[in-house]
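One letter stands for each residue in the lines below.
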Amino acid sequence: MNKTFGYLLGAIVLITGVFIILGFVFSKDENEKQNGLTAIYDVSQDGSIAYVAFDQGKAGIYFSGNEKPVAQLPVDQTILDIRFSKDGSKLAYVVTDKEMSQKSESAVHLLQTDTHANQLAFQEQALITELAFDPKDPELLFYLQADTFTNYSPITGERPHDFDVHSFHLNDQTHTKYTDWKKYNMASLQVSATDETVYVQMDDDEHVQTADEVFASKQRIFEIPLHAPDEKKVISNPAGEEDIYDFLLLPEREEIVYQAVAGTGSDGIFEYELFSFNWKTYETKQLTNLKEYTAKPISGPENQIYFLVDREFGGRQPLYQLYRMSEEGKDPEEVTLK
């Protein structure tokens, strides 16, 4: 009886050990489980779409209509942004550690869209979160750089902070820093096609003094003249009570298309939609009514606006789909990437 029990116990231990070993062998690191479309994409003026997607944890850059990536990274690295040059001949992208820290570096690469030749443009001991080519100078690349990666509040995780606006000239190999603000947050970098001006989204907190005032400050869109950045001004609705996140400038329409909270769903989760604001008439219009998480408006050819919808917003993993519509918000349709 005791011998039988001993054999049974030994068998159980052996089988358990085998399953543990198999679990280690076949289990995937969390990084390797990432799959699918991310929120990072761009559209060239000829309608080409570049986007970042994960395949078994490897971040890759894909062009619409092609199943194979034109660039793919190791599982421990990620891509923070991609941007076409005005003529679509180059695609700039920035690489950093997937597990970001204060020690993370950023490497900005240039990909030739016809030959897929790839070269390193420059590296920084900081986090470069966004890129934008100057439409007036194809050799001038602007970027947003965060000098710290920390949590400023016990209830929030670590994130990039202390942002400023920089540029890099591809021919001269020279860097220029335009602001010295160390902003808590800065996003949606865009460069004027007519003058020496850039546009960003950031907190309207210049004159706040108390913690309550900081909490009450709103995220707005700013116009920053590069020759005198401290003369920046708000170009979104200065009296608006909503926070503005992603945005797109439509200068010919004197409008801004932006993302903001439109309401709360029955599940208690915020619903983000796209709106337009005319800075001459102060008219605001809701463009989408998808009752989802609608974001990242980008201008495409034929007066179309591309944008992303996260069908699993509030869930564990995002499920992004790409859409496009007219500048008036009409005829939204899903865009097939492969």
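Structure first, text after, so check above.
In this text, all values refer to a predicted model and were calculated from it rather than measured experimentally.

**Q** Can you walk me through the side chain of Thr 78 in this structure?
**A** Checked against the element boundaries, Thr 78 lands in strand β5 (residues 77–84). By relative accessible area, Thr 78 is classed as buried at 12%. The contact partners of Thr 78, leaving out residues within four places of it in the chain, are Phe 54, Ala 59, Leu 73, Val 94, Val 95, Thr 96, Asp 97 and Lys 98.

**Q** Whenever I open this one, the sheet that holds strand β6 (residues 90–97) confuses me. Can you help?
**A** Adjacent strands of a sheet form backbone hydrogen bonds with each other and so pair up, either parallel or antiparallel. Taken in spatial order, the four strands of this open sheet run β5-β6-β7-β8, and their pairing is antiparallel. Strand pairing shows two members of the sheet lacking a second neighbour, β5 and β8 (118–124), which therefore form its edges. When the angles between neighbouring strand axes are averaged without regard to direction, this sheet yields 25°. As defined by bridge partners, β5 adjoins β6 across seven bridges and the pair is classed as antiparallel.

**Q** Mind showing me how you'd approach the nonpolar core here?
**A** A general trend in soluble globular proteins is that nonpolar side chains are found buried together. Residues Phe 142, Leu 144, Val 165, Met 186, Leu 189, Val 198 and Val 200 are the most contacted members of the largest nonpolar core, which totals 20 residues. At the level of elements, β9 (127–134), β10 (137–150), β11 (159–169), β13 (186–191), β14 (197–203) and β15 (219–225) are the ones that each hand at least two residues to this core. Here Phe 142 is in contact with Glu 130, Leu 131, Ala 132, Asp 134, Val 165, His 166, Ser 167, Tyr 178, Leu 189, Val 191, Val 198 and Leu 226, once residues within four sequence places are set aside. In terms of nonpolar packing, the next biggest core, distinct from the first, is built from 17 residues, Val 70, Ile 79, Phe 84 and Leu 111 among them.

**Q** Can you help me understand the pairing of β8 in this one?
**A** Side-chain positions along a regular strand alternate between the two faces of the sheet. As judged from the six bridges shared by strand β7 (residues 106–112) and β8, these two strands associate in the antiparallel manner. Across the sheet, Leu 111 pairs through a bridge with Asn 118, a residue of β8. Linking β7 to β8, which pair antiparallel, is a turn of five residues; within it His 116 sits at a positive phi near 65°.

Definitions and cut-offs
Residues numbered from 1 in each chain as written. Predicted model: local features only at pLDDT ≥ 70, side-chain atom pairs only at ≥ 80, totals over all residues. Heavy atoms only, no water. Helix = DSSP H or I, 4+ residues; strand = E, 2+ residues; numbered from the N terminus. Buried < 20%, exposed > 50% of the residue type's maximum accessible area, 1.4 Å probe, protein only. Contact = heavy atoms within 4.5 Å. Pairing = 2+ DSSP bridges. Axes fitted to C-alpha atoms, helices over the stretch in contact; angles between N-to-C directions. Core = buried A, V, L, I, M, F, W, Y, C linked by side-chain atoms within 4.5 Å.

Everything listed here is a matter of geometry and, on its own, says nothing about what the molecule does.
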